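A look at the structure
If you want the building blocks of each chain, they are given just below.
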Amino acid sequence: MITVADKLVDILALLNLILSSAITITSFSLSAYILFYNLRSSVARAFCALLACVMVVYLGDLLLFSITELSAAERWLRFQWVGIAFAPAAYLHFSDALLRTTNLRSRWRYGMTRASYLVSGAFLIGAVFTEWIVFDGILTQRAPHLRPGPLFWLYLVYFIGSVTWGAINLAWARRRCLTSTSRRRMTYLMISFAAPALGVFPYLLIISQPGPLLLEMFWLLLVIGNIGIGVMLVVMAYTVAYFDVLAPDRVVKHRLVHFLLRGPILASLVVGAIILLVRVEAYLGLRRDVLAMVAVVATIVLLQLLISLSRPFLDRIIFWQDRQELVRIQELSDHLLTTSDLRQFLENVLSAVCDLLRVPTAFVVVPGPDGPVLEALVGSIEGDLSQHTSFVAAELKSDISTQTNCAVEAPRQVNGYWVWPLCSGEDDMHILGALAASRPMSMATQIELSPEQIAGLSALIEQTAAALEDRC
């Protein structure tokens, strides 16, 4: 009989599986990102070594979820020791690289860092090929683990000592910082420094399998811990991304945040959706490959739309101090029009005007230094084109010299065309150009438009004027 406690454990185990997938993806993604942009930085390379340890351990956890044979589980449990064994050395390497950024170099400390990799390699060999460090795998429900060997305590001392030494080095590096910016970044690293250690340490070797009464608490703490580890890894990567990068902080921050959204977060959501849908495979009555395809497509498309919609708001939150300048930059980017952009836009507007008024020809004329300029044309004009544009330009001059009337219901009638002045949005007395449309023979004397046509034509004229104003 399945109890409420069993269902709670199942839910927590499923959440832990999704979080483990997310941490694995995030570790790999951040490593690729930092190596791409910060390859020359010794701090970045050392941090990628830490991320690699975390990735190996969590990848092993993911694979162990689907293993049902003890022999296979034991192989992957020993595989995890690649990350477990080298994590202390990576900590010393990372902290020494941080001290070097403050111009504090030590051959002795550098030699100890290199020696720590040899020690970690020895522990890895002992864990994989002997039973001195770990032995006798135990395949329990959702928590397979090894037993501690006779020399496991030696690794425990080495792990705690290395992480503690690394934390001392980091605190030392923070004290040596001379600027508030570098000190703030070191503070972020101190807050999140424990994340890799919390993620890779094999707790079950010490506490063994929790009893039935503590199983729910064990999985709850594991879920909460993985959430914290994921957040701290991102904080560490955010700080490391600034080392040895000759770019403004705004560029680094913007680049990293949008990479996280379109990279690890998107991939983690896709994997999470697949895991959840596979769990309800029997209930939905669909094949697993169909569910996976639906989950991947829906998650990718919907998240891309969400990112596009929320991007302006995210940028303003991220760059809160410069939000006013950012708004102006975004508005300027939206309003920038090349010559080809403007012509194509005007042709689209003129096509809509022709369809709305049921006329074959429409064009836009703007004043130029050497006379009127035909900016865009839809349809064909009978006779001399320059003559028509000159008549329209002359009408514009008369409008400028007298009181301008920009009402849609009262266009000028010039040489067989209706002409509407294109007025500036800020000042109706400032005319940017004119929109002309051929006059149907059925309306020889006055224009007769329905309220819907007037509203549509008003919107098209305003859009045309706004485009010309942006170009100016």
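The preceding data block contains the structure.
Before going further, it helps to spend a moment on the sheet that holds strand β6 (residues 417-423). With antiparallel pairing, five strands are arranged side by side in an open sheet as β4-β3-β7-β6-β5. Two strands lie at the open edges of the sheet, namely β4 (371-378) and β5 (412-414), each paired on one side alone. Averaged over all pairs of adjacent strands, the angle between their axes in this sheet comes to 30°, without regard to strand direction. Two elements, strand β3 (residues 362-368) and β4, share seven bridges in a ladder whose sense is antiparallel.

Before going further, it helps to examine helix α6 (residues 152-176). Count 3.6 residues to each turn of an α-helix, and residues three or four apart come out pointing the same way. If you check α6, its first and last C-alpha atoms are 36 Å apart, about what 25 residues at 1.5 Å a residue would give, namely 36 Å. Within the sequence span of α6, burial applies to Phe152, Tyr155, Tyr158, Phe159, Ser162, Val163, Gly166, Asn169, Leu170, Ala171 and Ala173. Tucked into the core, α6 has its buried residues touching α4 (81-101), α5 (107-129), β2 (145-148), α7 (180-192), α8 (195-200) and α9 (204-207).

On to the nonpolar core. Counting residues in hydrophobic clusters, the biggest one holds 67 residues, and the most contacted among them are Trp81, Phe94, Leu98 and Leu189. Counting residues per element, this core draws most heavily on helix α2 (residues 42-64), at twelve residues. Not counting residues up to four positions away in its chain, the partners in contact with Phe94 are Val43, Ala46, Phe47, Leu50, Leu189, Phe193, Met236 and Val240. Membership of the second largest hydrophobic core comes to 26 residues, among which are Val408, Leu422, Leu432 and Leu435.

Interhelical geometry of α2 versus α4 gives an angle of 160° and a closest axis separation of 8 Å. In this view, α2 runs roughly antiparallel relative to α4, as classed from their interaxial angle. Of the two elements, α2 crosses α4, and the hand of that crossing is left-handed. Taking contact as the criterion, the partners of Ser42, Val43, Ala46, Phe47, Ala49, Leu50, Cys53, Val56 and Val57 in α2 are, on α4, Val82, Gly83, Ile84, Phe86, Ala87, Ala90, Tyr91, His93, Phe94, Ala97, Leu98 and Thr101.

This part is about the layout of surface pockets. Of the voids in this model, the second largest pocket is the one considered here, and its volume is about 380 Å³. As for the second largest pocket, its lining consists of 17 residues, and the residues nearest its centre are Ala22, Thr26, Val234, Ile265 and Ser268. Secondary structure elements with two or more residues in the lining of the second largest pocket: α1 (4-37), α10 (215-240) and α11 (249-279). The leading source of residues in the lining of the second largest pocket is α11, at seven residues. Partitioned by chemical class, the residues of the lining of the second largest pocket number twelve nonpolar, five polar and no charged.

Position of Arg78 relative to the elements: it lies in helix α3 (residues 70-79). Relative accessible area serves as the criterion here: at 10%, Arg78 is assigned to the buried category. Here Ala127 takes part through its backbone oxygen, which lies 2.4 Å from a polar atom of the side chain of Arg78. Residues contacting Arg78, with those up to four places away along its chain left out, are Ala127, Val128, Thr130, Glu131, Val134, Phe135, Asp136 and Leu146.

About the cut-offs
- Residues numbered from 1 in each chain as written.
- Predicted model: local features only at pLDDT ≥ 70, side-chain atom pairs only at ≥ 80, totals over all residues.
- Heavy atoms only, no water.
- Pairing = 2+ DSSP bridges.
- Helix = DSSP H or I, 4+ residues; strand = E, 2+ residues; numbered from the N terminus.
- Axes fitted to C-alpha atoms, helices over the stretch in contact; angles between N-to-C directions.
- Expected span 1.5 Å × (residues − 1).
- Buried < 20%, exposed > 50% of the residue type's maximum accessible area, 1.4 Å probe, protein only.
- Contact = heavy atoms within 4.5 Å.
- Core = buried A, V, L, I, M, F, W, Y, C linked by side-chain atoms within 4.5 Å.
- Parallel < 35°, antiparallel > 145°, perpendicular 65-115°, else oblique.
- Left-handed = near helix turned anticlockwise from the far one by under 90°.
- 1 Å grid on protein atoms, 1.4 Å probe; cavity = no way out; pocket = protein on both sides within 12 Å on 5 of 7 lines; lining within 4 Å.
- Points joined across faces, edges and corners; volume = space filled by probe spheres on them.
- Nonpolar A, V, L, I, M, F, W, Y, C, P; charged D, E, K, R; others polar.
- Polar contact = N/O pair within 3.5 Å; in protein donor to acceptor, adjacent residues only side chain to side chain.

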